[in-house]
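Architecture and fold: a report
Residue strings, one per chain:
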Amino acid sequence: MRLVTFRRTRNDDGRARLGAIPEGGQEVVELSGAYLNAPRSMLDLVEGGAEALRVAALNLAHLPKRYSLSEVRLLAPFPMPRRNIFCIGKNYREHVNEVSFIEPKEGEQPPRVDAPAHPVVFTKATTAVIGPDAAIPSWLDDTDSTDYEGELAVVIGRGGRGIAAADAMDHVFGYTIVNDVTARRLQKRHGQWFVGKSLDGFCPMGPCIVTADEIPDVSQLKVQTRVNHDLRQNGCVGDLIFDIPTLIETLSRGMTLLPGDIIATGTPAGVGMGFDPYRFLEPGDEVEITIEPIGTLRNPVA
Ligand code: MG
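Conventions adopted
Every chain's residues receive numbers from 1 upward, in the order its sequence appears when written. Confidence filtering applies because this is a predicted model: local features only for residues at pLDDT of at least 70, side-chain atom pairs given and counted only at 80 or more, and all residues used for totals across whole chains, interfaces and linings. To obtain the side-chain values, all non-hydrogen atoms of the structure were included, while hydrogens and water were left out. Secondary structure elements follow DSSP: runs of H or I of four or more residues count as helices, runs of E of two or more count as strands, with numbering from the N terminus. Based on C-alpha atoms, the radius of gyration is set beside the globule rule, defined as 2.2 Å times the residue count to the power 0.38. Whether a residue is buried, partly exposed or exposed follows from its accessible area with a 1.4 Å probe, protein chains only, as a fraction of its type maximum: under 20%, in between, or over 50%, in that order. Pairs of residues are marked as contacts when any of their non-hydrogen atoms sit within 4.5 Å. Areas reported here follow the Shrake-Rupley algorithm with a probe of radius 1.4 Å; residue values treat only the protein chains shown as occluding. Asp and Glu count as negative and Lys and Arg as positive, but His and the ends of the chain are not part of the count. Charge positions come from single atoms, namely NZ of Lys, CZ of Arg, CG of Asp or CD of Glu. Sites may look incomplete, because water is not among the atoms used; the donor set itself consists of N, O and S atoms within 2.8 Å of the metal (3.2 Å for Na, K and Ca). Residues belong to a common nonpolar core when they are buried Ala, Val, Leu, Ile, Met, Phe, Trp, Tyr or Cys residues joined through side-chain atoms within 4.5 Å. Aromatic contacts are taken between Phe, Tyr and Trp rings whose centres are within 6.5 Å, Trp giving its six-membered ring; a plane angle under 30 degrees counts as stacked, one over 60 as edge-to-face, and the others as tilted. For a ring to carry a charge above it, either NZ of a lysine or CZ of an arginine must fall within 6 Å of the ring centroid while also lying within 35 degrees of the normal to the ring plane. As used here, the arc is the angular range of directions from the helix axis to the C-beta atoms. Following DSSP output, two strands are said to pair if at least two bridges run between them.

**Examining the overall build of the chain**
Within the chain, the regular secondary structure consists of seven helices and 18 strands. In terms of C-alpha radius of gyration, the chain reaches 19 Å, essentially the compact-globule figure of 19 Å for 302 residues. In terms of its C-alpha atoms, the chain occupies a principal-axis envelope of roughly 65 × 45 × 30 Å. Relative to its 302 residues, the chain shows a buried fraction of 52%. In the chain, 75% of the contacts between residues at least 6 apart in sequence involve partners at least 24 apart. Roughly 13700 Å² of accessible area belongs to the chain as shown, and the carbon and sulfur atoms make up 50% of that amount. Treating the 31 positive side-chain charges of the chain as one cloud and the 40 negative ones as another, the clouds have centres 4 Å apart.

Next up, the structure:
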């Protein structure tokens, strides 16, 4: 299923609603409150497990509240996640080099930097989350170094602690797209990355969650980022240094993962900081991250 959180554009009452986009992709069917014991939100649906998904799919064709795409505004699938978004740094080999912060000597290639021996984990604040088409407020970054990072994000379904890699995919609810927007100079200045990664609006997410059953081999997915239609990142999930089962095993080793947890798996090479000179985002730019079959997460920069 293709699941969204949305608001109506007409008669908007400010309520975030849970919906599904049936095959064809031309309408949004409202799930929240639409049948007996229907989930009220994305988190509600995720917590309901396989049975809640099965009932939603069963009801989908018969539900009365259907909106054309022009009648809705998509929000982030989780407009306010239950806790910080887990993120993995330096998880594509070529990206490790481009963000090494090492200035090459004149006329020399930058030195190769070793890939991390263990996953590099940080988080982004929940208040950083924005939805598709919402503006990334680069003006909040007073260091003028706002950068994009297109990433596949995993949504945890069944939680747990001590999840073995071999069982990890059974704990995946689905997949979405995250732009791990980063204020590079803040990231560097503060040592720990949290400040530079958690500015308001620095975590665009969406446009939908595609459930895991529709993506049998996640390693085949391509991650492409365009800035003003110029292709900057063109990676493949199969090139992750630490794959999704390893990430889930690592995170859950001593910490309980919860339904609705989000893990942004890392970004491939081609971020603005990887260019010489740097190509940071500026007001008026537009960032598009495409991962099919999830779609395109598009955000203007303000
Ligand atoms: Mg990242």
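**Some points on the coordination of the magnesium ion**
The protein atoms that coordinate the magnesium ion are Glu149 (OE), Glu151 (OE) and Asp180 (OD), at distances spanning 2.0 to 2.1 Å. Counting along the primary sequence, the residues that act as donors to the magnesium ion give the motif E-x1-E-x28-D.

**Considering the nonpolar core**
In this structure, Leu152, Tyr175, Ile244, Ile248 and Ile294 are the most contacted members of the largest nonpolar core, which totals 48 residues. Those elements giving two or more residues to this core turn out to be strand E1 (2–8), strand E6 (85–89), strand E10 (150–156), strand E11 (172–179), strand E13 (203–211), strand E14 (222–227), helix H7 (244–252) and strand E17 (286–291). When residues of this core are assigned to their parent elements, the largest contribution, four residues, is made by H7. In this view, Ile294 contacts Arg2, Leu152, Tyr175, Thr176, Ile177, Pro207, Cys208, Val210 and Ile215; residues no more than four positions away in its chain are not counted. One finds Ala20, Val46, Phe78 and Ile209 within the second-largest nonpolar core, a separate group that totals 33 residues.

**Focus: the packing of aromatic side chains**
One pass over the full model with this rule turns up three aromatic pairs. Lying across the ring of Phe275, Arg232 places its NZ or CZ 5.5 Å from the centre. Over the ring of Phe275 we find Arg279, and its NZ or CZ is 4.8 Å from the ring centre.

**Some thoughts on H7**
Three or four residues apart is the spacing at which side chains of an α-helix point the same way, because the helix has 3.6 residues per turn. For H7, the full list of buried residues reads Ile244, Pro245, Leu247, Ile248, Leu251 and Ser252. One face of H7 carries all of its buried residues, which in axial projection span an arc of 160°.

**Remarks on the pairing of E14**
The two faces of the sheet receive side chains in turn, since in a regular strand these alternate between them. Because side chains alternate across E14, one face comprises the buried residues Val223, Thr225 and Val227, and the other comprises Lys222, Gln224 and Arg226, none of which is buried. With six bridges connecting them, E14 and strand E15 (residues 230–236) associate as antiparallel partners. Looking at the pairing, Val223 lines up with Gly235 of E15. Following E14, the chain reverses through two residues before pairing antiparallel with E15; Asn228 in that reversal takes a positive phi of roughly 50°. Bridge count between E14 and E17: four bridges; the pairing is antiparallel. Directly across from Val227, in E17, lies its bridge partner Val287.

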